[in-house]
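Summary of the model geometry
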Amino acid sequence: MQRARGARQGWGAGSLLPPRPHATSAGGCRCRGAGAWGGLGPLLPPAHPPLPLPGAVGVEAPGEAAAAPVRALSARLLGLAADLARDPDPSVYLALRLASDHSLRGEERYLARLQDAFQRRYGRHTEVERPETGRLALYLLGLRATCPLPEPGPQRSLVTWLKYYLEEDWAGSRQHGHPLSSYYQYSLGVLALCVHRKRVREEVVRRLLAAEQHGRFGHAGGSATDAEAVAALAFACLERERLVGARLAAELQAATRGVRRRMVEAQGRDGFFGNVYSTPWAMQVFIATNACRTQPAYGRAMAALLENLDAFTIAATMAQVLPVLHGRSYLDIASMRCQEEPDTLTPISPEPPPETPGNMMVRLVVDCPQLQCPRRRLYDQPVHAPAGASLLDVLSAAAAQEPHNFTFDTQDTSQGPFLSRVLGLEARQQKRSYWQLLTAPGTSLQMGVADYRPRDGETLILRLSEW
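Remember, it's a predicted structure, so these values are computed and weren't measured experimentally.

Reading the values: rules and limits
- Residues numbered from 1 in each chain as written.
- Predicted model: local features only at pLDDT ≥ 70, side-chain atom pairs only at ≥ 80, totals over all residues.
- Heavy atoms only, no water.
- Helix = DSSP H or I, 4+ residues; strand = E, 2+ residues; numbered from the N terminus.
- Buried < 20%, exposed > 50% of the residue type's maximum accessible area, 1.4 Å probe, protein only.
- Contact = heavy atoms within 4.5 Å.
- Areas by Shrake-Rupley, 256 points an atom, 1.4 Å probe, with all protein chains shown as cover.
- Disulfide = S-S within 2.5 Å.
- Pairing = 2+ DSSP bridges.
- Axes fitted to C-alpha atoms, helices over the stretch in contact; angles between N-to-C directions.
- Core = buried A, V, L, I, M, F, W, Y, C linked by side-chain atoms within 4.5 Å.
- Salt bridge = Lys/Arg side-chain N within 4 Å of Asp/Glu carboxyl O.
- Left-handed = near helix turned anticlockwise from the far one by under 90°.
- Nonpolar A, V, L, I, M, F, W, Y, C, P; charged D, E, K, R; others polar.
- Expected span 1.5 Å × (residues − 1).
- pLDDT = per-residue confidence, 0-100.

1. Let's talk about the overall build of the chain
Assigned secondary structure in the chain consists of 13 helices and 10 strands. When each of the 467 residues of the chain is scored for burial, the buried share is 52%. Put simply, 70% of the contacts in the chain that link residues at least 6 apart link residues at least 24 apart. If you sum the accessible surface of the chain, you get close to 21,900 Å²; carbon and sulfur atoms cover 50% of it.

2. Some remarks on the state of the cysteines
Under the definition given, this model contains 1 disulfide. With its sulfur 2.1 Å from that of its partner, Cys194 forms a disulfide with Cys237. The disulfide joining Cys194 to Cys237 has a torsion of about -100° about its S-S bond and is therefore left-handed. On the criterion of sequence distance, the pair formed by Cys194 in helix 6 (residues 183-195) and Cys237 in helix 8 (residues 225-240) is long-range, its members being 43 residues apart.

3. Points about the side chain of Thr459
On the secondary structure map, Thr459 appears in strand 10 (residues 459-466). Classification of Thr459 by relative accessible area gives buried; the value is 16%. For Thr459, the contacting residues outside a window of four places in its chain are Arg363, Val365, Leu438, Thr439 and Ala440.

4. Some thoughts on the sheet that holds strand 3 (residues 359-367)
Read across the open sheet, the 5 strands follow the order 4-3-10-8-9; overall the sheet is mixed. The two strands at the open ends of the sheet, each matched to only one other strand, are strand 4 (377-386) and strand 9 (443-444). Relative to strand 4, helix 13 (residues 391-400) is tilted by about 110°, and along the sheet it contacts strand 3, strand 4, strand 8 (433-439) and strand 10.

5. Structural notes on the nonpolar core
Leu77, Leu136, Leu191, Leu305, Leu325 and Tyr330 are the most contacted members of the largest nonpolar core, which totals 104 residues. The dominant element in this core, judged by the number of residues it contributes, is helix 8, at 11 residues. In contact with Leu136, not counting residues within four places along its chain, are Phe118, Tyr122, Leu158, Trp161, Leu162 and Tyr165. Judged by nonpolar contacts, the second largest core, of 30 residues, contains Val362, Ala398, Phe406 and Leu464.

6. Some words on the pairing of strand 10
Burial within strand 10 is extensive, with 7 of its 8 residues counted as buried. Bridging between strand 3 and strand 10 involves 5 bridges; their strand directions are parallel. Bridging across to strand 10, Asp367 finds its partner in Arg463. Bridge analysis of strand 8 against strand 10 gives 7 bridges, and the strand direction is antiparallel. Across the sheet, Leu438 pairs through a bridge with Ile461, a residue of strand 10.

7. Here's the deal with the pairing of strand 8
Of all 7 residues in strand 8, 7 are buried, a share of seventy percent or more. Of the two faces of strand 8, both are covered, the one formed by Ser433, Trp435, Leu437 and Thr439 as well as the one formed by Tyr434, Gln436 and Leu438. Across 2 bridges, the pairing between strand 8 and strand 9 is antiparallel. Its bridge partner being in strand 9, Leu438 is matched across the sheet by Ser444. The hairpin turn running from strand 8 into strand 9, its antiparallel successor, is 3 residues long.

8. Quick word on the pattern of salt bridges
All told, the structure shown has 23 salt bridges when counted by the stated rule. For Glu251, the salt bridge identified is with Arg206, shortest N-O distance 2.9 Å. Taken together, the residues span a long stretch of sequence, with Glu251 in helix 9 (residues 246-266) and Arg206 in helix 7 (residues 202-213) at a distance of 45 residues. Residue classification places Arg206 among the partly exposed residues on the basis of a relative accessible area of 28%. When the shortest N-O distance is used, the salt bridge between Arg421 and Asp409 registers 3.5 Å. Linking Arg421 in strand 6 (residues 416-422) with Asp409 in strand 5 (residues 408-413), this pair joins segments that are 12 residues apart in sequence. The network of salt bridges with common partners includes Glu167, Arg201, Glu203 and Arg207.

9. Observations regarding the packing of helix 10 (residues 279-288) against helix 11 (residues 296-307)
Packing of helix 10 against helix 11 brings their axes to within 10 Å, and their N-to-C directions diverge by 145°. The hand of the helix 10/helix 11 crossing is left-handed. Across the interface between the two elements, Thr279, Pro280, Met283, Phe286 and Ile287 of helix 10 pack against Tyr298, Ala301, Met302 and Leu305 of helix 11. Partitioned by chemical class, the residues of the contact of helix 10 with helix 11 number 8 nonpolar, 1 polar and no charged.

10. Looking at the packing of helix 5 (residues 152-171) against helix 6
Packing of helix 5 against helix 6 leaves a shortest axis separation of 10 Å and a crossing angle of 145°. The way helix 5 lies across helix 6 gives a crossing that is left-handed. For the pair helix 5 and helix 6, contact is made by Val159, Leu162, Lys163, Leu166, Asp169 and Trp170 and by Tyr183, Tyr186, Gly189, Val190, Ala192 and Leu193, respectively.

11. Here we look at helix 6
Between its first and last C-alpha, helix 6 extends 18 Å over 13 residues, near the 18 Å set by a 1.5 Å rise per residue. For helix 6, the buried fraction is high: 12 of the 13 residues fall into the buried class. Taken as a whole, helix 6 has its buried residues at Tyr183, Gln185, Tyr186, Ser187, Leu188, Gly189, Val190, Leu191, Ala192, Leu193, Cys194 and Val195. Contact partners of the buried residues in helix 6: helix 4 (133-144), helix 5, helix 7, helix 8 and helix 10. One or two residues past the end of helix 6 sits Arg197, with phi positive at roughly 60°.

12. Points about the confidence of the model for the chain
In regions of low pLDDT, the predicted coordinates are not meant to be interpreted in detail. In the predicted model, the chain carries a mean pLDDT of 81, and the fraction of residues at 70 or more is 79%. Every residue in residues 37-62 is under pLDDT 50, and counting partners more than four places away or in other chains gives 40 contacts.

Structure, rendered in structure tokens:
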């Protein structure tokens, strides 16, 4: 695959870059993001700029105080993207492209790394073991967000791969009535094809529509918000791009309205849709359907996110939240056109977490309600670890302490280590099982094993669950 470097190739690090086209939505930025204020400038001027209250002096525009931390979050993500030890993640590139200001050379280098990785993965003679619908879909979305657009030739083969995955994802699991990967990944696949204005068979769309209509997106102990939101984005895109017939378009529009209504009804008192990490996906639905200006639930969710930016500590979660903080959704990618793009973002290098003196003790429980387990509670022991240690450090400490009867394995992913095996029991995607992380009595953690830092005296539960 040829790298889309264009005329900028060969410019020295100290040179002035030539003006670069800025990718912005042809339809305009309908929803004001927190990053659009405080000197960053909106992606396009708001239709109705905020007016000062009568008699007020120095009234602050909505989101103005949040502009600096949002910009800092973008800069930290850019710093993580510059780390060559980390595998490139297409969602990171998407977040950088959908932001208000940019590091042109940094984004260019990251795109080159992505292209190298996917060229090796999807070379002419490469066979992929199982469908990678979601990852390929995100990469294709990233290519469409590149400005200027890459050569179309290599993209055509990737689109063919994605169409193949959508069929394999479903056909390989007909007996279960759900995709081999997940509805979340399946929805991303449909969305990516739509953004590239590629038609898919009506049956492919109706599979997803039927899943939404019958409430099949949820999994045990978790939230269906992510999958439901991405499906709604796909529906909205198919309708907007007129890639389906009038009858199906009307059904998709009704389904999208239904998803949005359920999200409003289910919004928690904390302002979140599901949890802090699924909320950005839900907010994309309001942005994509131009409902964020009129729906108070969107404003409450934005306020909740801004109060909890410290929850987004790894590249994958930063990439998840940044588009909505800038008032953008993945549907904006479909209508991007080139204008001047500000080259003003400077990376912030990640800092190691501060050391906490002393030690702590946590209780570690392994719970297995599955039929293959000889008993439900497989492990229940106190574990001593340094204060401030991550959950991953606690698991390592448990494996090291006498009588050495605790074992676990992790798998590296773009979102950090994934707990794949505990006490010899493996979580397998093909069997739709995963190791759920909870704190007693049953609160699901919203961070990975490498990010969550338990408190002294806390009880941590690892539960083999199905989704």
